[in-house]
Amino acid sequence: MTVAFPLSGRRVWVAGHRGMVGQALVRRLKTSGAEVLTADRAMLDLRRQADVEDWIAGNKPDAVFIAAAVVGGILANDSRPAEFIYDNLAIEANLIHAAAKLGVSKLMFLGSSCVYPKLCPQPMKEEHLLTGPLEPTNEWYAVAKIAGIKLAQAYRRQHGKDFIAVIPTNLYGPGDTFDLAVSHVVPALIRKVEEAKTSGGQVEIWGTGSPKREFLYVDDAADALVFLMERYGEERILNIGQGEEVSIADLAKRIAAVAGYAGGFRFLTDRPDGMPLKRLEGSRLAAMGWKPKTPLDDGLRNTIEAFRSGHRRDEH
Ligand code: GFB
């Protein structure tokens, strides 16, 4: 397949370069020949429209990855709805509008698998977007992400911009947040397992352990994002998954095995499960010739190693 928009030699802005996905994108782009641009949070607040316009006007990126977002696991989503909806709406609206106004040639917006309905047929296809009610624990974030998708599509339709929106499955890897108030399940269970090894206590798992998730290693995700930035240019959203789901109870066992934890687990069934199952239908990306490289156990090993060596984000 031809590369329609090669990044080599282009100025590419990774908005959100300190997040887990942004860090992986910067790592991946180092091998692409692109000139990578980043803006520190202290210098640029993405929620301020005029500042975003000034930054783009001054730095003239050819392409923008919107990896910037307020993100978190089921608890953070459920307990901080205003931040999850307002900050994300502001960030994506500012970036997409400014990019269109200032002549950015290509833009990629990252959605999330929680944009699909709570009881979506599985695996979830792109056309299932907006076909049913959302999972209540993360509907604020999901509504913001759906708005971001629609923004990218609207600017393509009305102004002919080559803006695309993709839907990655649940991601994990080095650079993740291991703060239990914010984190997703993989870093949370890694932290709990590592701490239980020294304290001798049990590992507490929220919910029943029966929900299933499809986990993609973040460096594979970054590879897919670059692949699609260079090759995809359609209005339709596109799923990025790896094809296999695992239950939370099995995930805990696999983390325990890789980390060398022989103690027990306790399920806190008064905590929410969230969506019963999330698996993306990934045939369109597969047909383009992309596939992931990192088996779950290898990715977990790298993520445990990152936790042990302090390569993580602990701030809120
Ligand atoms: O990773 P997680 O927070 O994301 O939770 P979601 C996945 C499952 O793991 C849920 C369970 O069933 C949780 O109840 N779980 C068990 C835990 N123990 C823990 C724990 O200690 N911490 C966490 N965080 N979960 C988020 C959405 O949903 O996924 C976001 O809220 C976003 O909007 C993101 O879409 C990818 O897959 O449930």
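Up top is the structure.
Residues numbered from 1 in each chain as written. Predicted model: local features only at pLDDT ≥ 70, side-chain atom pairs only at ≥ 80, totals over all residues. Heavy atoms only, no water.

Draft legend 1. Seen up close, the overall build of the protein. What the protein contains, in helices and strands, is ten helices and 13 strands. Counting every position in the protein, which comprises 316 residues, the buried fraction comes to 53%. Across the protein, every contact between residues at least 6 apart in sequence was considered, and the portion connecting residues at least 24 apart equals 82%. Carbon and sulfur atoms form 51% of the exposed surface of the protein, whose accessible area is close to 13,500 Å². Averaging the locations of the 40 positively and 39 negatively charged side chains of the protein gives two centres separated by 2 Å. (Helix = DSSP H or I, 4+ residues; strand = E, 2+ residues; numbered from the N terminus. Buried < 20%, exposed > 50% of the residue type's maximum accessible area, 1.4 Å probe, protein only. Contact = heavy atoms within 4.5 Å. Areas by Shrake-Rupley, 256 points an atom, 1.4 Å probe, with all protein chains shown as cover. Lys, Arg positive; Asp, Glu negative; His and termini not counted. Charge placed at Lys NZ, Arg CZ, Asp CG, Glu CD.)

Draft legend 2. Quick look at the sheet that holds strand β2 (residues 35-37). If you trace the six strands from one edge of the open sheet to the other, you get β2-β1-β3-β4-β5-β10, paired in parallel fashion. In this open sheet, the two strands that pair with only one neighbour each are β2 and β10 (238-240). This sheet shows a mean twist of 25° between the axes of neighbouring strands, independent of strand direction. Both strand β5 (residues 162-168) and β10 contribute to a ladder of three bridges, which runs parallel. For P168, the partnering residue across the bridge sits in β10 and is I240. Packing against the sheet, helix α7 (residues 218-231) makes contact with β3 (63-66), β4 (106-110), β5 and β10, and its axis sits at approximately 145° to β4. (Pairing = 2+ DSSP bridges. Axes fitted to C-alpha atoms, helices over the stretch in contact; angles between N-to-C directions.)

Draft legend 3. Spotlight on the packing of aromatic side chains. Evaluation of the coordinates by the stated rule reveals six aromatic pairs. Where F84 meets Y141, the ring centres are 5.8 Å apart and the plane angle is 75°; that geometry is what we call edge-to-face. Taken together, the residues F84 in helix α4 (residues 81-101) and Y141 in helix α5 (residues 139-159) connect sequence positions 57 residues apart. Both residues of the pair, F84 and Y141, belong to the buried class. Ring plane angle 70° and centroid distance 5.8 Å describe the contact between Y261 and F265, whose orientation is recorded as edge-to-face. The class of Y261 is buried, set by a relative accessible area of 9%. Directly above the ring of F5 sits R10, whose terminal nitrogen or CZ lies 3.8 Å from the centroid. (Phe/Tyr/Trp six-rings, centres within 6.5 Å; stacked < 30°, edge-to-face > 60°. Lys NZ or Arg CZ within 6 Å of the ring centre and 35° of its normal.)

Draft legend 4. Representation of the site of the ligand within the structure. Around the ligand, a shell composed of 22 residues is seen, among which I74, V185, K192, R213 and D273 lie nearest. In the model, an oxygen atom of the ligand is placed 3.1 Å from a nitrogen or oxygen of the N77 side chain. Residue W206 places a main-chain N or O atom 3.0 Å away from a nitrogen atom belonging to the ligand. Among the secondary structure elements, those contributing two or more residues to the shell around the ligand are α3 (74-79), α6 (185-199) and β7 (203-206). Sort the elements by how many residues they give to the shell around the ligand and α6 lands first, with three residues. Along the lines of polarity and charge, the residues of the shell around the ligand split into ten nonpolar, eight polar and four charged. (Near = heavy atom within 4 Å. Polar contact = N/O pair within 3.5 Å; in protein donor to acceptor, adjacent residues only side chain to side chain. Nonpolar A, V, L, I, M, F, W, Y, C, P; charged D, E, K, R; others polar.)

Draft legend 5. Up close: α4. In this model α4 runs 30 Å from its N-terminal to its C-terminal C-alpha over 21 residues, within 8% of the 30 Å that 1.5 Å per residue would give. Looking only at α4, the buried set comprises F84, D87, N88, A90, I91, E92, N94, L95, I96, A98, A99 and A100. Note on α4: the residue one or two positions beyond its end, G103, has a positive phi of about 80°. (Expected span 1.5 Å × (residues − 1).)

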